[in-house]
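So the chains spell out like this:
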Amino acid sequence: MSTTAIQPHGSHGHSGSHGMGVGEFVRTYVFSLDHKIIGLQFLFSTLLWFLVGGLLALGIRWQLAYPWHDMPVIGRMLFSAEGGQISPEFYTTLFTMHATVMIFFVIIPILAGAFGNYLIPLMIGADDMAFPTLNMLSYWFMWPAFFFIGMSFLWPPYGAGGGWTSYPPLSVVWDAAPGSHWPQTLWLLGVTCVGISSMLGSVNYMTTIIQMRAPGLTMFRLPLTIWAMFITAILQAFALPVLTAAGFMQLTDRTLGTGFFLPEGLVVNNSLPATGGGQPILWQHLFWFYSHPAVYIMILPAMGMVSDIIACFARKPIFGYKPMVYSISGIAGLGFIVWGHHMFVSGMNPFLGMTFMVSTMMIALPSAVKVFNWLGTIWGGKIQFTTPMLFALSFVSMFIIGGLSGIFMAATPVDIFIHDTYFIVAHFHYVLFAGTAMAVFGSIYFWFPKMFGRMMDESLGKVHFFLTFLFLNGTFFTMHILGAVGFPRRLADPYDYETFRHLLPMNQFMTWCAIGMVATQVIFAFNFIRSIFFGQIVGRNPWGANSLEWMAPSPPGHGNFDFQPIVYRGPYEYGSPEVDTDFYPQTQPPPADPAKRYKDPHH
Amino acid sequence: MGRFWSLLFLMVPILGVLCFVWAMAGFWPMQNHWLPENIGGADAHAIDGLFLFILGLTGVIFVATGLVFFWFLWKYDAAVTTEPVKYFHGSHQLEVIWSIIPAAALLFIAIFQMSVWANTKIKRPELSPGVARPALAEITGRQFEWRIRYAGKDGIIGTEDDVFKVNDLHLPINEDVVLLIKSQDVLHSFFLPHLRVKQDVVPGMQQFVWFQAKRPGTYDIVCAELCGWGHYKMRGRFVVQNRAEFDKWLEQAWQEQEVSSFALPAGE
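Since this is a predicted model, take the numbers as computed values, not measurements. (Residues numbered from 1 in each chain as written. Chains lettered and ligands numbered in written order. Predicted model: local features only at pLDDT ≥ 70, side-chain atom pairs only at ≥ 80, totals over all residues. Heavy atoms only, no water.)

(A) Local environment of the overall build of chain B. On a plain count of helices and strands, chain B comes out with five helices and twelve strands. For 268 residues, the compact-globule formula gives about 18 Å, and the C-alpha radius of gyration of chain B, at 27 Å, lies well above that figure. Counting only C-alpha atoms and orienting by the principal axes, one finds that chain B spans roughly 100 × 45 × 35 Å. Per-residue burial over chain B gives 50% buried out of 268 residues. By sequence separation, contacts in chain B at least 24 residues apart represent 62% of the contacts at least 6 residues apart. (Helix = DSSP H or I, 4+ residues; strand = E, 2+ residues; numbered from the N terminus. Rg over C-alpha atoms; globule rule 2.2 N^0.38 Å. Buried < 20%, exposed > 50% of the residue type's maximum accessible area, 1.4 Å probe, protein only. Contact = heavy atoms within 4.5 Å.)

(B) Examining the UniProt feature "transmembrane region" (unreviewed entry) in chain B more closely. All names here are of chain B. According to UniProt, the "transmembrane region" (unreviewed entry) feature falls on residues 6-28, 49-74 and 96-118. Taken end to end, residues 6-28 comprises 87% helix and 0% strand; its first and last C-alpha atoms sit 30 Å apart. As a span, residues 96-118 carries 96% helix and 0% strand, and end to end its C-alpha atoms are 33 Å apart. (UniProt positions renumbered as here; feature names shortened; annotations may be inferred.)

(C) Here's a closer look at the interface of chain A and chain B. Contact with chain A, which involves 111 residues of that partner, is made by 97 residues of chain B. Both sides of the chain A and chain B interface together cover about 9,000 Å² of buried area, and 75% of this is carbon and sulfur. Looking at the side of chain A facing chain B, the largest losses of area belong to A:Ile416, A:Phe417 and A:Tyr497, adding up to 8% of the total buried there. Taken together, the connections running from chain A to chain B amount to two salt bridges. Two residues, B:Arg235 and A:Glu498, come together in a salt bridge whose shortest N-O distance is 3.9 Å. Along the contact surface separating chain A from chain B lie 23 residue pairs in polar contact (both at pLDDT 80 or more). If you list the elements that add at least two residues to the side of chain A that touches chain B, you get α4 (88-123), α9 (280-297), α11 (321-335), α12 (350-378), α13 (387-410), α14 (412-418) and α16 (458-485) of chain A. Residue composition of the side of chain A that touches chain B, grouped by class: 73 nonpolar, 26 polar and twelve charged. (Buried area = accessible area lost by both parts, 1.4 Å probe. Salt bridge = Lys/Arg side-chain N within 4 Å of Asp/Glu carboxyl O. Polar contact = N/O pair within 3.5 Å; in protein donor to acceptor, adjacent residues only side chain to side chain. Nonpolar A, V, L, I, M, F, W, Y, C, P; charged D, E, K, R; others polar.)

(D) Focus on the packing of aromatic side chains. Overall, the coordinates contain 91 aromatic pairs over all chains when judged by the stated rule. Consider the rings of A:Tyr430 and A:Phe477, whose centres lie 6.3 Å apart with planes at 90°: the pair is edge-to-face. In this pair, A:Tyr430 sits in helix α15 (residues 422-452) while A:Phe477 sits in helix α16, placing the two residues 47 residues apart along the sequence. The buried category is assigned to A:Tyr430, whose relative accessible area is 0%. Taking NZ or CZ as reference, B:Lys86 lies 5.0 Å from the ring centre of A:Trp379, over its face. (Phe/Tyr/Trp six-rings, centres within 6.5 Å; stacked < 30°, edge-to-face > 60°. Lys NZ or Arg CZ within 6 Å of the ring centre and 35° of its normal.)

(E) Spatial organisation of the UniProt feature "domain: Cytochrome oxidase subunit II copper A binding" (unreviewed entry) in chain B. What UniProt calls "domain: Cytochrome oxidase subunit II copper A binding" (unreviewed entry) maps, in this numbering, to residues 132-252 of chain B. Between the C-alpha atoms that bound residues 132-252 of chain B the distance is 28 Å, and the span itself is 8% helix and 50% strand.

(F) Layout of the side chain of A:Thr93. Here A:Thr93 shows up in helix α4. Those residues in contact with A:Thr93, other than ones at most four positions away along the chain, are A:Tyr158, A:Gly159, A:Ala160 and A:Gly161.

(G) Representation of the domain arrangement of chain B within the structure. Residue and element names in this part refer to chain B. Assigned domains within chain B: domain 1 (1-79 + 93-122) and domain 2 (133-259). Summarising the inter-unit geometry, the C-alpha centres of domain 1 and domain 2 are found 35 Å apart. Listed by partner, the interface residues are 14 residues for domain 1 and 14 residues for domain 2. At the boundary of domain 1 with domain 2, total buried surface from both sides reaches about 1,200 Å², with 50% on carbon and sulfur atoms. Of all residues in domain 1, Glu37, Ile39 and Lys121 bury the most surface against domain 2, accounting for 51% of the area lost on that side. Where domain 1 touches domain 2, the interface holds two salt bridges. Here Arg215 makes a salt bridge to Glu37, at a shortest N to O gap of 2.7 Å. At the surface where domain 1 touches domain 2, the tally comes to nine residue pairs in polar contact (both at pLDDT 80 or more). Sorting the residues of the side of domain 1 that touches domain 2 by element identifies α2 (42-75) and α4 (114-122) as the ones contributing at least two each. At four residues, α4 tops the list of elements feeding residues into the side of domain 1 that touches domain 2. Taken together, the residues of the side of domain 1 that touches domain 2 sort by class into six nonpolar, five polar and three charged. (Domains from an automatic or database assignment.)

Right, dumping it as structure tokens:
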């Protein structure tokens with residue numbers, strides 16, 4: 001296995017700082033080439049967008065609980081023209097932007113951008129990424145995206161309303177939706193810029209992980225976090241070009257009069273008849289060819305980080321390391337041939353639905369293997385219920401729900417009924433919020449001491465966990481029940497239908513849970529900000545973990561390591577009989593006396 | 001605190017199952033918080049059957065994994081356990097077992113349901129072998145209404161005796177009904193929750209849906225695909241009635257239909 005020795009510090013042109021001038025400050029903290037600074041820039045940006053996305057969700061929840069009622073206090077500030085009421089146009093904007101912000105501006109960049117950037121070089125014992133300038137660009141390409149999406153809110157008529165899936169013709173024909181003028185075009189440009197950012201990042205991550213591992217760090221000694229980031233980068237590199245191309249096709253359909261996605265002669269809302277013999281379903285294929293792998297881009301890194309946290313606080317080797325790696329790869333591989341399950345009732349050939357159904361069913365298998373391995377990991381350990389561990393455990397508990405509910409919609413006949421209902425909404429919130437977002441919280445608590453050299457407050461962390469856990473289940477579990485009734489998504493006022501009229505009280509319950517959930521994050525924000533300045537100062541390895549990042553100073557300086565890490569074993573050697581401590585860092589040489597070395601009875 | 005957190009995770013399977021059981025039983029305050037009344041034929045009931053089958057299967061796995069999870073947390077809490085950490089890296093045998101069993105179960109579900117899918121989406125009802133049943137009516141989704149065009153007396157859509165209605169679909173009971181659905185502008189989805197029927201309508205395409213309605217009454221037609229700001233109010237109704245009443249209603253609708261304005265004035 002080829003590994004590259006670490007270059008001396010400063011080889012990428014950023015040297016240590018003494019008496020920092022303005023230019024120096026800008027180079028160090030703004031247009032920084034240091035992967036840690038870039039990771040933190042991603043972290044702070046995405047956390048701010050997380051707040052925006054959460055508030056947008058509350059707008060949706062308000063309308064579903066109190067349709068056409070004035071929003072208290074902020075309603076009149078935001079939409080005084082409507083008297084503080086959410087208009088149906090604005091409602092479409094709310095759910096479109098909630099999903100867009102959460103997926104493209106929070107989850108993908110916080111996993112790959114923030115944690116990927118921060119952790120990859122540290123966990124493989126490198127001094128930085130392979131291409132630091134590319135890395136810097138991957139962050140700064142987020143800013144045009146922020147600008148375009150921000151403008152799409154502010155530019156009349158205020159917000160794209162085509163859904164985050166942006167299905168044509170609604171999203172293409174200029175007059176099909178009130179929000180589909182400039183905001184929809186800006187939306188497309190914004191998402192394209194996020195795509196460029198992810199693309200630059202993924203090339204960098206793949207190269208770095210292949211080329212820059214410390215001596216002795218073979219692929220099968222990598223932490224699962226790194227494996228997950230590696231596979232995610234491959235997914236992004238292969239799937240993203242399709243979305244980018246499709247985005248440009250939609251852009252030219254909107255602005256230049258091409259007809260990739262419009263059938264001949266289409267008239268929407270008295271628009272001019274469309275030319276060209278395009279197909280609306282073509283967009284769905286291209287969109288989901290990226291966006292289904294994107295679902296795994298949004299969960300695999302979380303699974304990797306959760307595996308590391310669970311092994312650390314169970315004080316026990318991860319159960320089935322290689323099956324874990326294979327299942328990550330299996331999920332990614334199958335992830336490319338299941339996109340059609342978003343389209344069972346789209347008008348796609350129903351025979352095609354059958355093949356997509358079989359591949360979709362099979363993707364539940366590697367997910368199940370992962371869950372069993374996590375259960376195997378906590379079996380026989382010494383579990384420490386720290387805040388990161390609680391979040392990681394809740395990931396497992398909640399992912400079981402999100403994974404199992406996926407089987408319902410993989411079953412094509414059942415999907416006929418539950419498609420576009422709240423059953424789907426429940427499913428992906430269990431995977432993305434109760435799964436990924438909880439894993440992200442856990443990872444922030446876990447790696448915070450490395451990032452800032454200080455601990456976050458454990459008691460506040462546990463209160464934050466407990467309340468978030470309660471409220472998220474109150475908000476999302478009940479959605480399964482709504483879905484069973486057939487309650488449709490994306491309706492500004494579902495109570496117009498007699499079938500759904502009686503579901504209002506349950507929606508009010510969910511809305512209050514959602515308000516509680518967002519309010520709880522104040523505790524997190526307080527803890528996070530306060531701990532940066534006043535948290536308890538810690539040394540290199542406060543959790544007693546094994547992987548390489550814990551061998552570097554907290555926080556690591558430029559170039560990361562103050563010694564050359566040499567790796568002797570995998571990252572999960574907790575409780576090894578070779579040493580007296582219950583952890584066994586990857587860099588610690590094995591005992592000199594061969595008699596003391598552990599012999600695996602199976603090998 | 002480990003005890004407390006273990007119990008919190010134990011609440012997940014307990015409250016999860018309770019929530020579903022409560023809704024299925026229809027106890028206060030969750031009356032009618034379950035699958036809406038199924039008025040469809042064998043296919044619609046097969047969909048419900050499949051839903052409940054998967055619910056049962058996943059429910060067992062949900063409870064089993066939840067209990068195991070709780071038990072491990074309870075037993076191996078660092079504050080309580082006296083056993084040393086079990087140092088091992090996994091078990092090949094276990095991995096094989098817990099790969100093969102779920103794979104078999106998933107493959108079984110996949111194959112088991114194929115006939116239901118074929119009946120609802122592929123095998124259109126036939127009048128006689130090889131002759132597809134014609135559509136009773138053509139339904140066109142449009143921002144923001146359902147335009148309905150009945151075949152009329154001659155049974156053919158597109159002729160002079162067609163009957164036009166908006167958002168008002170009448171269907172004969174206990175018969176194979178075939179509908180031709182399409183869209184005039186953007187995507188819509190033709191969703192009949194009580195019949196377990198859903199099909200997106202796509203401009204530039206035409207599609208067929210078929211079903212049987214087994215109970216008289218008036219029910220909702222829902223648009224299930226985002227079609228613009230008025231998506232929420234794109235509501236139709238369908239009325240299920242016996243054949244005689246249906247024919248009478250159609251005849252009356254034809255009589256009431258104002259067609260004189262469509263006739264070309266003399267000289268044109």
